[in-house]
Every structure is written in C-alpha cells, then in structure tokens.
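A structural walkthrough
Letter by letter, the chains look like this.
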Amino acid sequence: MSEDDFAVEPIEGLPELLPKGEVILWQGRPNWWRLTVESLNLWWVIGYFGLLAAWRFLTVIDYMPLGTSLSLSIPFLFVGGFVGLLLCIVGYIQARATLYTITNRRVAMRIGAALTVTLNLPFTQIDNAAVAKKSGGFGNIALETAGRAKFSYFVLWPHARAWYFRKPQPTFRCIPDIEEVSSILGQAAKSRIIEKENQTQPNAPGVGMVVN
C-alpha cells in the first residue's frame, strides 16, 4: 500500500507506470448516487428526521392549533433535507476521488478524498472475491486477502465490506455492469495464478506453449 498526497499519477488511478507485460483490463468508479444511498445510509438519515418531525407534530397537536403544530415540525424536515444534501455532496466527492483498476496482474484501488491512498493487491495475495449483485446491474466485489495483509476499516471506508471489522476486505462499491467486471476480474486472476504456478515449476511448460 502506497500513500502520497502530492505525487502526480503517471497513469490515472495508479501511483507508477506499469511494469513491462502488465496491461489495464478495466477501470471504473462507484456510482455516486448508489454509494450515497448504500454506504452513507441516505434514506435512513432522512427517515430519522422525518420521524422526529412526526413525533414533534403528534406531541403538540393536542394542545396547539394545526398551523402552529406544523410550524414546530417543519424545521426537522428542513434539517433532514440539509443533512441529506451534505451526504450527497460527500458521496459525490468520494465517488469522483475513487478509481478502481484491474490489470492482468493485480487490483489497484485509489480511494479517499481528503487522504488519498492507493492499494495494490496482486492476484496471488487475494484468496477470494465475493460478488454481491444489486438491482440495475450494479454490485459490489469484496476482496479477501491472503496471509497477514491487514487494512484499517476506517481508512478503507466506504470501500470496505460491511461489518467485516476484524479483517476488513477492500471492496469495489456500487460499480455498474457488475457481471462484466466480475468476469474480467475472475479470468485475469485465474490466468495470473496459473502463470505464477508454472513459473515455480522448473519442468513445467510455459503458458501458451505446446511441448511435443
């Protein structure tokens, strides 16, 4: 994992030029609206202020005129709308600052708006990828890392699998065309792992070669 707030990216989303033989297969960002709704719990927050407004109205309607009761409840709705707007702004900024990359050798995640961090995850260090499909062709891909690789949940958030605090899993959040992206990731990971296994076997034929 590399971290440098002042470095200029030679390739968007990557902290350095690609080594020889490595190519980018896919790049993408989260959908900002879906990210706001799912990771920032937009509807829950707005619903909370709606309940406060309803509670306020019901507690004063018995001894105050209707107009007065409404005037005492409406401020909660305005506050809820303002907080919802702030969450939308945060979600948009987070989505624009994020760029997920899949190459033929690794997964890279440039995340963070205030503190920009780039995660480099070679396929050989990824044990599993859990795909969660959502409506509209969107979805998440959570990456379970191998060995002792550990990440801070709060550094990863919102690009972390929900409720996995003990061993946080870096996650592609709210990406469109989830089936296509998961297929690209799966094929690239499989090819890379086979290539590495062949390199560790001195008598194994090279990838793509036929030995008679």
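Everything numeric in this text was worked out from a predicted model, so none of it was measured.

**Structural notes on the overall build of the protein chain**
- On a plain count of helices and strands, the protein chain comes out with 5 helices and 7 strands.
- In sequence order, the secondary structure elements of the protein chain are arranged as β-α-α-α-β-β-β-β-β-α-β-α.
- Taken against the 2.2 N^0.38 rule, which gives 17 Å for 212 residues, the C-alpha radius of gyration of the protein chain at 23 Å runs more than 25% over that of a compact globule.
- Across its three principal directions, the C-alpha atoms of the protein chain cover 95 × 35 × 30 Å.

**Focus on the sheet that holds strand β1 (residues 24-28)**
- Across the sheet, 4 strands lie side by side as β1-β2-β3-β4; this open sheet has antiparallel pairing. The open sheet has two free edges, formed respectively by β1 and β4 (117-122), since each of these has just one partner strand. With direction set aside, neighbouring strand axes in the sheet form an average angle of 15 degrees.
- The pairing of strand β3 (residues 106-111) with β4 spans 6 bridges and is antiparallel. Residue V107 lies in a different strand from β4, and its bridge partner there is L121.

**Examining the pairing of β3**
- Here β3 lies mainly inside the structure; 6 of its 6 residues are buried.
- Here β3 shows no split at all, with R106, A108 and R110 on one side and V107, M109 and I111 on the other all buried.
- Here 4 bridges tie strand β2 (residues 99-103) to β3, and the two strands are oriented antiparallel to one another. Bridged to T101 within β3 is A108.
- Linking β2 to β3, which pair antiparallel, is a turn of 2 residues.
- The turn joining β3 and β4, which pair antiparallel and follow one another in sequence, is formed by 5 residues; a positive phi near 100 degrees is taken by G112.

**Notes on a positive patch on the surface**
- On the surface, a cluster of positive charge is made up of R148, K150, R166 and K167.
- Along the polypeptide, R166 turns up in the loop between α4 (153-156) and β7 (171-175).

**Quick word on the packing of aromatic side chains**
- Inspection of every chain in the model, using the stated rule, returns 9 aromatic pairs.
- Aromatic pair W32 and W33: ring centres 5.8 Å apart, planes at 75 degrees, arrangement edge-to-face.
- For W32, a relative accessible area of 34% translates into the label partly exposed.
- Ring geometry for W32 and Y92: centres 5.9 Å apart, planes at 80 degrees, overall edge-to-face. Of the two residues, W32 sits in helix α1 (residues 32-39) while Y92 sits in helix α3 (residues 66-97), which places them 60 residues apart along the sequence.

**Quick word on a nonpolar patch on the surface**
- A cluster of nonpolar residues, W32, W33, W43, I46, F82, L85, L86, I89, Y92 and I93, forms a patch on the protein surface that exposes about 980 Å² of accessible area.
- Contributing elements (two or more residues each) for the nonpolar patch: α1, α2 (42-60) and α3.
- Among the elements that line the nonpolar patch, the one with the most residues is α3, at 6 residues.
- Inspection of the secondary structure assignment puts L86 in helix α3.
- Classification of L86 as partly exposed rests on a relative accessible area of 40%.

Definitions and cut-offs
- Residues numbered from 1 in each chain as written.
- Predicted model: local features only at pLDDT ≥ 70, side-chain atom pairs only at ≥ 80, totals over all residues.
- Heavy atoms only, no water.
- Helix = DSSP H or I, 4+ residues; strand = E, 2+ residues; numbered from the N terminus.
- Rg over C-alpha atoms; globule rule 2.2 N^0.38 Å.
- Pairing = 2+ DSSP bridges.
- Axes fitted to C-alpha atoms, helices over the stretch in contact; angles between N-to-C directions.
- Buried < 20%, exposed > 50% of the residue type's maximum accessible area, 1.4 Å probe, protein only.
- Patch = residues over 30% accessible without salt bridge, like charges linked within 9 Å, V, L, I, M, F, W, Y side chains within 5 Å.
- Areas by Shrake-Rupley, 256 points an atom, 1.4 Å probe, with all protein chains shown as cover.
- Salt bridge = Lys/Arg side-chain N within 4 Å of Asp/Glu carboxyl O.
- Lys, Arg positive; Asp, Glu negative; His and termini not counted.
- Charge placed at Lys NZ, Arg CZ, Asp CG, Glu CD.
- Phe/Tyr/Trp six-rings, centres within 6.5 Å; stacked < 30°, edge-to-face > 60°.

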